[in-house]
Amino acid sequence: MRLRLSSLGLLLALAGSAQAMSQGEYVARAADCVACHSAENGAPLAGGVAFSTPVGAVYATNITPDREYGIGNYSFEDFDRAMRQGIAKDGHHLYPAMPYTAYAKMSETDMRALYQWLMHEVPAQPVANRDSDIPWPLSMRWPLALWKQLFHRDEGWQPQTQQSERWNRGAYLVEGPGHCGSCHTPRGWAMQEQALDNGDARYLSGAELDGWYAPSLRGLPPEETVSLLKTGHSAHSAIAGPMGEVVQHSTQYLTDEDLQAIAVYLRSLPATAPGVAGAPAASVMQAGQQTYAMYCSTCHGAKGEGVPNVIPALSGNIALTADNPLTALRVVLDGAQTPVTAEHMTQTMPGYGWTLSDRQAADLMSYLRGSWGNQAAPVTAQQVEQARQLNVQHR
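Quick caveat, the model's predicted, so the values are computed rather than measured. Each chain carries its own residue numbering, running from 1 in the direction its sequence is written. Side-chain atom pairs in this predicted model are given and counted only at pLDDT of 80 or more, local residue features only at pLDDT of at least 70, and totals for whole chains, interfaces and linings cover all residues. Side-chain descriptors were evaluated using all non-hydrogen atoms of the structure, hydrogens and water having been removed beforehand.

J.: Help me get a handle on the overall build of the chain, residues and values and all.
T.: To qualify as a helix, a DSSP run of H or I must reach at least 4 residues; to qualify as a strand, a run of E must reach at least 2; elements of each kind are numbered from the N terminus. Each helix and strand in the chain was counted, giving 18 helices and six strands. Computation of the radius of gyration draws on C-alpha atoms, with the globule rule given as 2.2 Å multiplied by the number of residues to the power 0.38. On C-alpha atoms alone, the chain measures out to a radius of gyration of 21 Å, which is about the 21 Å that the 2.2 N^0.38 rule sets for 395 residues. Within the chain, counting contacts between residues at least 6 apart in sequence, those at least 24 apart form 65% of the total. Summed over all atoms, the accessible surface of the chain reaches about 18700 Å², with 55% contributed by carbon and sulfur. Only heavy atoms enter the contact rule, under which two residues are in contact if any of them lie within 4.5 Å. In short, Shrake-Rupley with a 1.4 Å probe defines the accessible areas, and a residue's cover is counted only from the protein chains shown.

J.: Provide a residue-level description of the packing of helix H10 (residues 222-231) against helix H12 (residues 256-268), including the pertinent values.
T.: Note on definitions: angles span 0 to 180 degrees between N-to-C directions of axes, and those axes are lines fitted to C-alpha atoms, for helices only across the stretch in contact. Where H10 contacts H12, the axes come no closer than 9 Å and their chain directions differ by 135 degrees. Between H10 and H12, the crossing angle belongs to the class labelled oblique. In terms of crossing hand, the pair formed by H10 and H12 is right-handed. Here H10 contributes Pro222, Thr225, Val226, Leu229 and Lys230 to the contact with H12, which in turn contributes Asp256, Leu259, Gln260, Ile262, Ala263, Leu266 and Arg267. Within the contact of H10 with H12, the residues separate by chemical class into seven nonpolar, two polar and three charged. The labels follow the angle: roughly parallel below 35 degrees, roughly antiparallel above 145, roughly perpendicular from 65 to 115, and oblique for the rest. Throughout, a crossing is termed right-handed when the near helix is turned clockwise from the far one, and left-handed when it is turned anticlockwise from it by less than a right angle. Here the term charged refers only to Asp, Glu, Lys and Arg, the term nonpolar to Ala, Val, Leu, Ile, Met, Phe, Trp, Tyr, Cys and Pro, and the term polar to all other amino acids, Gly among them.

J.: Give a description of empty space enclosed by the protein that names residues and reports values.
T.: Cavity: a set of points on a 1 Å grid over the protein atoms alone where a 1.4 Å probe fits but cannot get out. Pocket: an open set with protein on both sides within 12 Å along at least five of seven lines, its lining residues, like those of a cavity, having an atom within 4 Å of a point. Grid points are joined across faces, edges and corners, and a volume is the space filled by probe spheres set on the points. This model, assessed by the stated rule, comprises two cavities of 30 Å³ or more. Counted as a void, the largest cavity has a volume near 60 Å³. Surrounding the largest cavity, Pro96, Thr101, Trp147, Phe151, Arg187, Gln192, Glu193 and Leu196 form its lining. A breakdown of the residues in the lining of the largest cavity according to their chemical character gives four nonpolar, two polar and two charged. Approximately 40 Å³ is the volume found for the second largest cavity. Considering the residues around the second largest cavity, the lining is formed by Thr101, Ala102, Lys105, Glu175, His179, Gly181, Glu193, Leu196 and Tyr203. Tallied by class, residues from the lining of the second largest cavity come to three nonpolar, three polar and three charged.

J.: Requested: an account of the UniProt feature "binding site: heme c 2" (unreviewed entry) in the chain, with residues and values cited.
T.: UniProt positions are given in the numbering used here, feature names are shortened, and annotations may be inferred rather than shown by experiment. Per the UniProt record, the feature "binding site: heme c 2" (unreviewed entry) sits at Cys180, Cys183 and His184. Mapped onto the secondary structure, Cys180 falls in the loop between helix H8 (165-175) and helix H9 (181-184). Summarising the element assignment, His184 is placed in helix H9. Apart from the residues within four sequence positions on either side, His184 is in contact with Leu204, Ser205, Gly206, Ala207, Ala214, Pro215, Leu217 and Met243.

J.: Talk me through the packing of helix H2 (residues 23-30) against helix H6 (residues 108-120); I want residue IDs and the actual numbers.
T.: In the contact formed by H2 and H6, the axes pass within 7 Å of each other and the chain directions differ by 105 degrees. Compared by their axis directions, H2 and H6 come out roughly perpendicular. When H2 is examined against H6, the residues Gln23, Gly24, Glu25, Val27 and Ala28 are found in contact with a partner set consisting of Thr109, Asp110, Ala113, Leu114 and Trp117. Of the residues in the contact of H2 with H6, the class split is five nonpolar, three polar and two charged.

J.: Now, about the UniProt feature "binding site: heme c 1" (unreviewed entry) in the chain: what can you tell me, with residues and values included?
T.: The UniProt record marks Cys33, Cys36 and His37 with the feature "binding site: heme c 1" (unreviewed entry), using the residue numbering of this structure. Inspection of the secondary structure assignment puts Cys36 in helix H3 (residues 33-37). Cys36 gets classed as buried once you look at its relative accessible area, which sits at 17%. Considering the arrangement of structural elements, one finds His37 in helix H3. Here the term buried applies to any residue with accessible area under 20% of the maximum for its type, exposed to any over 50%, and partly exposed to those in between, with areas from a 1.4 Å probe on protein chains only. Residue class for His37 comes out buried when judged on its relative accessible area of 13%. Apart from the residues within four sequence positions on either side, His37 is in contact with Leu45, Ala46, Gly47, Val49, Ala60, Thr61 and Ile63.

J.: Account for the side chain of Asn317, with residues named and values stated.
T.: Of note, Asn317 is situated in the loop between helix H14 (297-300) and helix H15 (318-321). Given the relative accessible area of 14%, Asn317 is considered buried. Among the polar contacts listed, one links the side chain of Asn317 to the backbone oxygen of Ala313, at a separation of 3.1 Å. Apart from the residues lying within four places of it in its own chain, the contact partners of Asn317 are Pro312 and Asn374. For the purposes of these results, a polar contact is taken to be a pair of N or O atoms within 3.5 Å, where, inside protein, one atom must be able to donate a hydrogen and its partner to accept one; residues adjacent in sequence count only when each atom of the pair is a side-chain atom.

J.: Can you lay out the side chain of Thr327 for me, pointing to particular residues and giving the numbers?
T.: Secondary-structure assignment places Thr327 in helix H16 (residues 326-334). Contacts of Thr327, omitting those with residues within four sequence positions, involve Trp212, Tyr213 and Ala319.

J.: How would you explain the state of the cysteines if you had to name every residue and give the values?
T.: We call a pair of cysteine sulfur atoms a disulfide when they lie within 2.5 Å. Enumeration over the complete set of coordinates arrives at zero disulfides. We note that Cys33 lacks a disulfide partner, and the nearest cysteine sulfur, in Cys36, lies 8.0 Å from it. Its relative accessible area of 8% is what places Cys33 among the buried residues. Cysteine Cys36 shares no disulfide, and the gap to the nearest cysteine sulfur, in Cys183, comes to 7.9 Å.

J.: For the environment of Leu229, give the residues involved together with the corresponding values.
T.: By the secondary structure assignment, Leu229 is in helix H10. Classification of Leu229 by relative accessible area gives buried; the value is 12%. In the structure, Leu229 is positioned 68 residues away from Thr161 in sequence and 27 Å away in space, judged by C-alpha atoms. In this structure Leu229 touches Met243, Val247, Thr251, Gln252, Leu259 and Ile262, once residues within four positions along its chain are discounted.

Below, the structure written as structure tokens:
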């Protein structure tokens, strides 16, 4: 998914009215409907956003109340079935790119509020839906019924009585409407999420998706989590890549209470144990340090300390220290932008893939992952080459 940036003026106007949202619009923000159903330069919620799969792209549908192309003819029962069971009004099965495995946990109150908002507050857009790029016979929908029997649970979310009200609110938002596991939980042989809730240690443990690596969310520091979700920045970190859309269109609109609840829940999950890493060779560290001094130290500092709330620190940076270095590699090669939020303008880091060879980029990444207390595994030139290919495929 590409990062789509609206104008700052429009965003500030939206952010200013966030406190006056209807319940349905708030649920839509929490569920990130806007980012997934609004194509770049397209009508809001009229669909067209591409989602890659191993067999071809599928496209988000028009969910405005247009009666020909959208959901204007859906009763609440039709809508509820689509959201919870992944079955459209005409009976065809929806691809699990639509996260009905998470939306099944939403409360009836939230579901009805969302339905009312879509039907009565969103302008109808007469935009036709786009067929998937999946070739026949792989495009047949009936096998999805079997997939659901194996991997989908449509029972609602249940609070855990031994936990606090705040913890339960955070768990509901993360596991239900927020569908955080869709990106941050590893997937199995049938592209199913390997875990759907906090009862499994694989849940939110990190996953590669759409050419990026979504890091583990388990055990995150609460203060940093709240700041990142609200502003796209914290004292030592910044959001970039596909998560920028989530912050821009969804989490910045959540109340401070809900953001705190999410942070409490994520902090409670036992952190994923890091892999055992071998130290880079001295020659690799020396070469990487020279490249760092030439291209990176001016902004990130001689010791990777960054600039608080402006330029991310590299020491302890979870994108750098993740077992999978893909996201950090893509940022180095292709550059990145932080999201536009009510409290921060976007900031841009240039990419250096045009000037660094695979070997130079690998040595730089190994140096970053092995310095200032970081203890992640070295990066190979082959990994850099693969990241370059992903950059091209997902532009």
